[in-house]
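The residues making up each chain are set out below.
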Amino acid sequence: MTGGVRELLTEVARDAGGVGDPAILYQRHDVLVMRVGEIVVKSHRAGTTGLQARVAVAAAHPDLLLAPLGPVRRISGRLVSVWPAGLPVDPADPAAVPWEEAARLLAELHSRPLPPGLPRQRAPIRVHEVLARDLPADHPATPVVRRAYAALPPVLEPDGPARLVHGDFHLGQLVRHDGAWRLIDLDDLGRGDPVWDLARPAAFFASGVLAPEIWSRFLDAYRGHGGAALTGDPWDRLDIPARALAIQTAARCVSHAVDENRPLDEYETALIDTCDRIGSLAPC
Amino acid sequence: MLQCPKCRGTMRTFDRNGVHIEQCEMCRGIFLDYGELETLARIESQWRQATPPPPAAAPGWAAPPAQQVVHHHHPRHHGGSLFGMLFST
């Protein structure tokens, strides 16, 4: 990402009323998110498609999703969206994580009407994208992750009744705005199986890194708000999506550890151990 | 009487769940005969199975309880990689 894009985004933010010094909120690959005062501007991944339709969903459900400030624009060949700044979940205060509220937002999202023409949700696609990249060849965890990935069914999301799905739910996707929690980041939102929105916490629970009480709180709140993704034994539906997201997370952990030239920590090791167990199962 | 290999104190014999263990009166260190640790572990796991907390359902590939690295309620590693994982794609 060049300095030129930063200046362009800063200018967009200032035009939208942002006052103050620009700050980079997120930068990875070719995605850049910047904040200027009360305005956040995002330059989306190159090759992003369907963003207009996704942002329209946010505009239609401002009680669940942070609503955009104006339409998506194309600047220097990149799609740029403009948002009000929200307050993220504080990673230093685990007791304050709004698990129940997150579950409620997802349960309600899953019950809203599916607008025609919305693309598929991208969670399963992201799994394949991450595993299609090179993993550190010399790392002992790489073959463990690869073997688990090879044991996944080739089609991660079979066709079936579709609902409105966030597609990339994690705690970084919650912000507080005007006194209420909202979901952000619509790049992977779409039609699909809502169980994918529960699959990342499920994977962390099953890997032993998310406390069973927290998982139960999240699950109970989701069900309590009429969540559509689950009936009966939650693992009937969660099994494959949670395996897939455990493997995706493990792959990222290995890459991050190698990039940062450090050993895997206990949580990352737990994810690799999970891959080992998944890879030992009979093929799906 | 056995002598403690660590502090030279006197070891006393106790019966715990039918297993004889020697414990030092001075440093409280414990000496186990061959196989006794396994026996205690087995008794411990039988006790756990006999009084299970209501468990959250989990898939066949889930971590066994002994391998869980969660820090109940309040992860001590906040700001570390656990929250890095929970907060990113």
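Draft legend 1. Just the overall build of chain B, in detail. Along its length, chain B carries two helices and three strands. Sequence-ordered secondary structure for chain B, helices as α and strands as β, is β-β-β-α-α. If you take every contact in chain B between residues at least 6 apart in sequence, the share linking residues at least 24 apart comes to 7%. Accessible area of chain B: about 6300 Å², with a carbon and sulfur share of 56%.

Draft legend 2. Representation of the side chain of D188 of chain A within the structure. All names here are of chain A. Among the structural elements, D188 can be located in the loop between β9 (180–183) and β10 (190–192). Polar contacts involving the side chain of D188 include one to the side chain of R122, which spans 2.8 Å. Within the structure, D188 has its side chain in polar contact with the side chain of R126 (distance 2.5 Å). Setting aside anything within four residues of it in sequence, one finds D188 in contact with R54, Q121, R122, R126, H166, G167 and D168.

Draft legend 3. Seen up close, the sheet that holds strand β1 (residues 22–28) of chain A. Residue and element names in this part refer to chain A. Pairing is antiparallel in the open sheet, where five strands are placed in the order β1-β2-β3-β5-β4. Edge positions in the sheet fall to β1 and β4 (73–75), since each has one partner strand and no second. This sheet shows a mean twist of 25° between the axes of neighbouring strands, independent of strand direction. Bridge count between strand β2 (residues 31–36) and strand β3 (residues 39–43): five bridges; the pairing is antiparallel. Bridging from a neighbouring strand, M34 pairs with V41 of β3.

Draft legend 4. The arrangement of the interface of chain B and chain A in detail. Listed as interface residues are 28 residues of chain B and, on the opposing side, 45 residues of chain A. On the chain B side of the contact with chain A, W61, M85 and T89 of chain B bury the most area, a combined 29% of that side's loss. At the junction of chain B with chain A, the criterion picks out zero salt bridges. At the boundary of chain B with chain A, the tally comes to seven residue pairs in polar contact (both at pLDDT 80 or more). By residue class, the composition of the side of chain B that touches chain A is 16 nonpolar, 12 polar and no charged.

Draft legend 5. How the structure looks around the packing of aromatic side chains. All names here are of chain A. Enumeration over the complete set of coordinates arrives at seven aromatic pairs over all chains. Pairing W99 with F218 gives two aromatic rings, centres 5.7 Å apart and planes at 80°, and the pair type is edge-to-face. One end of the pair, W99, is in helix α3 (residues 99–109); the other, F218, is in helix α7 (residues 212–224), and 119 residues separate them in sequence. F218 matches W99 in its accessibility class, with the two residues each being buried.

Draft legend 6. Main features of the sheet that holds β9 of chain A. Residues and elements named next belong to chain A. Judged by pairing direction, the sheet is antiparallel, and its three strands sit side by side in the order β6-β8-β9 without closing on themselves. A single partner strand is all that each edge strand has here, and the edge strands are β6 (87–88) and β9. Where strand β8 (residues 174–177) lies against β9, four bridges are found, and the strand directions are antiparallel. Looking at the pairing, L174 lines up with L183 of β9. In the packing of α3 onto the sheet, the strands contacted are β8 and β9, and the crossing angle to β9 comes to about 55°.

Draft legend 7. Highlighting the side chain of H61 of chain A. For H61 of chain A, the position within the fold is in the loop between α2 (51–60) and β4. In this view, H61 of chain A contacts R112, P113 and L164 of chain A; residues no more than four positions away in its chain are not counted.

Draft legend 8. Up close: the pairing of β1 of chain A. All names here are of chain A. When β1 meets β2, the two strands line up antiparallel, connected through six bridges. The residue bridging A23 from the neighbouring strand is R35, located in β2. Remark: two residues form the turn of the hairpin made by β1 and β2, two consecutive strands paired antiparallel; H29 in that turn has positive phi of roughly 50°.

Draft legend 9. Looking closely at the packing of helix α6 (residues 196–206) of chain A against helix α8 (residues 234–259) of chain A. Residue and element names in this part refer to chain A. Packing of α6 against α8 brings their axes to within 7 Å, and their N-to-C directions diverge by 70°. For the element pair α6 / α8, the angle class is roughly perpendicular. Facing W196, L198, A199, R200, A202, A203, F204, F205 and A206 of α6, the residues of α8 in contact are W235, L238, P241, A242, A244, L245, A246, Q248 and T249. The class makeup of the residues in the contact of α6 with α8 is 15 nonpolar, two polar and one charged.

Calculation rules
Residues numbered from 1 in each chain as written. Chains lettered and ligands numbered in written order. Predicted model: local features only at pLDDT ≥ 70, side-chain atom pairs only at ≥ 80, totals over all residues. Heavy atoms only, no water. Helix = DSSP H or I, 4+ residues; strand = E, 2+ residues; numbered from the N terminus. Contact = heavy atoms within 4.5 Å. Areas by Shrake-Rupley, 256 points an atom, 1.4 Å probe, with all protein chains shown as cover. Polar contact = N/O pair within 3.5 Å; in protein donor to acceptor, adjacent residues only side chain to side chain. Pairing = 2+ DSSP bridges. Axes fitted to C-alpha atoms, helices over the stretch in contact; angles between N-to-C directions. Buried area = accessible area lost by both parts, 1.4 Å probe. Salt bridge = Lys/Arg side-chain N within 4 Å of Asp/Glu carboxyl O. Nonpolar A, V, L, I, M, F, W, Y, C, P; charged D, E, K, R; others polar. Phe/Tyr/Trp six-rings, centres within 6.5 Å; stacked < 30°, edge-to-face > 60°. Buried < 20%, exposed > 50% of the residue type's maximum accessible area, 1.4 Å probe, protein only. Parallel < 35°, antiparallel > 145°, perpendicular 65-115°, else oblique.

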